[in-house]
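Per-entry structural report
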Amino acid sequence: PSRVDSLAKSFFYLGPCEAMDVIGLDFFIGALERAATPGSILPIPWNQDFGRELSPEATGGREGFWVPALFQRLLAQGRLGKKAGQGIYIYDRDKALDDAPEFYANHSPGSLPQAPVRQAGDVLLAKRLLYAIHNGSIHSLQKGLATLEDIDRAIKEVLLMKDGPFQIMKTAGMAAVQADFEELSRLVGRRFKINNLNFLAGY
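Every value quoted in this text rests on a predicted model; they were computed, and no experiment measured them.

Another aspect to go through is the nonpolar core. Judged by nonpolar contacts, the single largest core of 22 residues is most densely connected at Y131, I138, F166, F181 and L197. Looking at this core, the elements with two or more residues in it are α1 (2–8), α6 (122–142), α7 (148–158), α8 (165–172) and α9 (174–187). Considering each element in turn, this core owes the most residues, 6 residues, to α6. Residues F65, F71, Y89 and Y91 belong to the second largest nonpolar core, which totals 19 residues.

At a closest axis distance of 10 Å, the pairing of α6 and α7 adopts a crossing angle of 145 degrees. Seen from above, α6 lies across α7 with right-handed handedness. Contact with α6, carried on its side by I133, S137, S140 and L141, involves L148, I151 and I155 of α7 and no other residues of that element. Residue composition of the contact of α6 with α7, by class: 5 nonpolar, 2 polar and no charged.

Moving on to helix α4 (residues 69–76). Three or more residues of α4 are buried, namely A69, L70, F71, R73 and L74. Elements that come into contact with the buried residues of α4 comprise α2 (16–23), α3 (25–35) and α5 (101–104). Phi for G78, located one or two positions after α4, is positive at around 70 degrees.

Our next topic: the packing of aromatic side chains. Under the counting rule described, the total for this entry stands at 5 aromatic pairs. Both rings, one in F28 and one in F71, keep their centres 6.1 Å apart while their planes meet at 80 degrees; by these two values the pair is edge-to-face. In this pair, F28 sits in helix α3 while F71 sits in helix α4, placing the two residues 43 residues apart along the sequence. A relative accessible area of 21% places F28 in the partly exposed class. Measuring from centroid to centroid gives 4.9 Å for Y131 and F181, while their planes differ by 75 degrees, and the two rings are edge-to-face. Within this pair, whereas Y131 is found in helix α6, its partner F181 is found in helix α9, the two being separated by 50 residues in sequence. A relative accessible area of 5% places Y131 in the buried class. For R73, the ring lying beneath its charged end belongs to F103, and the centroid distance is 5.3 Å. The ring of F103 has R79 lying over it, and the distance from NZ or CZ to the ring centre is 4.1 Å.

Criteria and thresholds
Residues numbered from 1 in each chain as written. Predicted model: local features only at pLDDT ≥ 70, side-chain atom pairs only at ≥ 80, totals over all residues. Heavy atoms only, no water. Core = buried A, V, L, I, M, F, W, Y, C linked by side-chain atoms within 4.5 Å. Buried < 20%, exposed > 50% of the residue type's maximum accessible area, 1.4 Å probe, protein only. Helix = DSSP H or I, 4+ residues; strand = E, 2+ residues; numbered from the N terminus. Axes fitted to C-alpha atoms, helices over the stretch in contact; angles between N-to-C directions. Left-handed = near helix turned anticlockwise from the far one by under 90°. Contact = heavy atoms within 4.5 Å. Nonpolar A, V, L, I, M, F, W, Y, C, P; charged D, E, K, R; others polar. Phe/Tyr/Trp six-rings, centres within 6.5 Å; stacked < 30°, edge-to-face > 60°. Lys NZ or Arg CZ within 6 Å of the ring centre and 35° of its normal.

Below, the structure written as C-alpha cells:
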C-alpha cells in the first residue's frame, strides 16, 4: 500500500489506500453500496459476491470488474481504517505500516485466478492509477453524465490534481493514450479496454 500511495501522490493529493483508511472502510463500502443504482457511473453492483468477476450486463457493458475480495477480509477482521488502528495499513502511534504482502493478495475462490504476490514496475503501477481515472472519466462522458469540461474540473478539484484527466490525455496525445490503454488491457485486465478514442479527436 505504501508504494501504491507514494506513486499515486505523483498525480493526486492522497493515495487511494490512505484515503480509504481515513474515510473508514465501513463508510466507504457503504457509500459504494448506496451509489450502485441503475444508471449510476459506479460500474460494480456491491451486493454481488466479493471476489467474483461480474458480467458486462451487471456493469453497464464494461468488462473485467469485480468486488475486491480484500474488502471482505478487512471487514471480517474489523480492520475499518485508521479509526480502528488497522485498515489497509496497520497503525503504530499514527504511523501507517504495510502488512505482509500476502495479506493483500486475492485468495478467494471463483472465476478469478489467485493473484501471486509480485512486484510490478513503478511505471506500470503509476499508469494503472492514472488510467483508472482516465477510464472512469471517459465512461462518464460517453454516458452523458456531464460535459468534458465539467468532468475535468470536478476530478481536478476533488483529487487536487494539477490538470484534469482530459487535459492530461490531450497533452500526452490521443495516439499515446490509446496505446497505453491497449497495453494496460493486455497486461492488467479487460477493465482497461477502450475501443477507440476517436470521439475525443476535436478536443
